[in-house]
Amino acid sequence: MNKLKKYMMNRALALISLLFVFSFASCEEVVNLDLPTGETKLVIDAEIIWKKGTDGKEQTIKISKTAPYYNNSTPKVSGAQVRIENGSGDVFTFNETEAGVYKCTNFVPVLNADYKLFITAEGQSFTAVEKLTSVTPITKIEQNIVPDFSGKDIIELTYYYNDPADEVNYYVTDYQSSFLIYPEYGITNDEFLNGNEISTRYSHEDKMKPGNTVTITHRGVSKNFYNYWKLILEASVSNPFSVPPGSIRGNIVNTSDINNYAFGYFRLCEADQVPYVVK
């Protein structure tokens, strides 16, 4: 008799749960919020990255526009004139190879040298100045199994590098792999570790598996870019119910109309890129 009562109760609970599912499913519909559309701005992705072991001659700058939230594509900007000049007056021209993509094949990277970016796009002129910052190489990568917040074991990578003494250093690192839709980023500085070995850890819940290749790109960056990227990262993980941050401005200046600024940051980084196969 008790078994029969238990069986009937389980059947009743299953039926009630099923009714709830159908009730929610029948009421579900896609709601597109009427979000405000701000003024269209140029977006200039101007990273000059000199990877160790390469000559750094091939560099790419991308130019696009901001778009409404529900747009499925990003408008590309064609027909721009793009060049970089160094302190010696050498000019490196970036030619458009596809819509919004501008490439240079003869760039000459020099550590600690100043470079100036010039862009003319859609009747506006933009410029920025930055120094090419060096980076200390990754010396080793370790792999461990550690518990996550729920106590479940996950794979964690730790990479090490020796921070130079007698100077202040800032680092931006990205992680790329097949289990990531977009690169993930982290930032580090040597405020409390100047001149010592620095270790940085990376994990990704339970998605990182043996056989995955995780490519770590470790950059040396300027203090200004570090602070800019810190704001970007803080905004991207901020509380969705908090007051939204204002527009985060980079170092690119519109010399035609200072109020019509572009988004993006002109940065020059030496980088150590290491692919690691998860065991």
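Remember, predicted model here, so these are calculated numbers, not experimental data. (Residues numbered from 1 in each chain as written. Predicted model: local features only at pLDDT ≥ 70, side-chain atom pairs only at ≥ 80, totals over all residues. Heavy atoms only, no water.)

Enquirer: I keep staring at the side chain of D190 and nothing clicks. Help me out?
Expert: For D190, the position within the fold is in the loop between β11 (184-189) and β12 (197-203). The charged side chain of D190 is buried without a salt bridge, its nearest counter-charge being K223 at 10 Å. Not counting the four nearest positions on each side in its chain, D190 is found in contact with D163, P164, E167, V168, N169 and I198. (Helix = DSSP H or I, 4+ residues; strand = E, 2+ residues; numbered from the N terminus. Buried < 20%, exposed > 50% of the residue type's maximum accessible area, 1.4 Å probe, protein only. Lys, Arg positive; Asp, Glu negative; His and termini not counted. Salt bridge = Lys/Arg side-chain N within 4 Å of Asp/Glu carboxyl O. Contact = heavy atoms within 4.5 Å.)

Enquirer: Sorry if this is basic, but what is going on with the environment of D153 here?
Expert: Within the secondary structure, D153 sits in strand β9 (residues 153-162). Judged by relative accessible area, which is 54%, D153 ranks as exposed. Not counting the four nearest positions on each side in its chain, D153 is found in contact with I145, V146 and P147.

Enquirer: Can you walk me through the packing of aromatic side chains in this structure?
Expert: Aromatic ring pairs: the centre-centre distance and the angle between the two ring planes describe each pair. Within the structure shown, the criterion is met by 14 aromatic pairs. For the ring pair F92 and F107, a centre distance of 4.9 Å and an interplane angle of 55° mean the geometry is tilted. With F92 in strand β4 (residues 91-98) and F107 in the loop between β5 (101-104) and β6 (114-121), this pair connects stretches of sequence that are 15 residues apart. Taking relative accessible area as the criterion, F92 reaches 4% and is therefore assigned buried. Take F107: its relative accessible area is 1%, and that puts it in the buried class. (Phe/Tyr/Trp six-rings, centres within 6.5 Å; stacked < 30°, edge-to-face > 60°.)

Enquirer: Any chance you could explain the sheet that holds strand β8 (residues 138-147) here in plain terms?
Expert: The antiparallel open sheet is built from three strands, whose spatial order is β8-β9-β12. In the strand order of this sheet, the two ends are held by β8 and β12, each with one partner. Within the sheet, the average angular offset between the axes of one strand and its neighbour, ignoring direction, is 25°. Looking at chain direction, β9 and β12 are connected through seven bridges and run antiparallel. Across the sheet, the residue bridging to T158 is R201, located in β12. (Pairing = 2+ DSSP bridges. Axes fitted to C-alpha atoms, helices over the stretch in contact; angles between N-to-C directions.)

Enquirer: Just checking my understanding: could you explain the pattern of salt bridges for this structure?
Expert: Where side chains of opposite charge bring their charged atoms close, a pairing between them can arise. Within the structure shown, the criterion is met by eleven salt bridges. As a salt-bridge pair, R219 and E47 come within 2.6 Å of each other at their nearest N and O atoms. On the criterion of sequence distance, the pair formed by R219 in strand β13 (residues 213-221) and E47 in strand β1 (residues 42-51) is long-range, its members being 172 residues apart. When sorted by exposure, R219 lands in the same class as E47, which is buried. Between K52 and E270 there is a salt bridge, with its nearest N and O atoms 2.9 Å apart. Of this pair, K52 sits in the loop between β1 and β2 (59-65) while E270 sits in strand β15 (residues 263-277), and the two are 218 residues apart along the sequence. The partly exposed category is assigned to K52, whose relative accessible area is 34%. Each of D45, E47, D174, R219 and R267 takes part in salt bridges that share partners, so that together they form one network.

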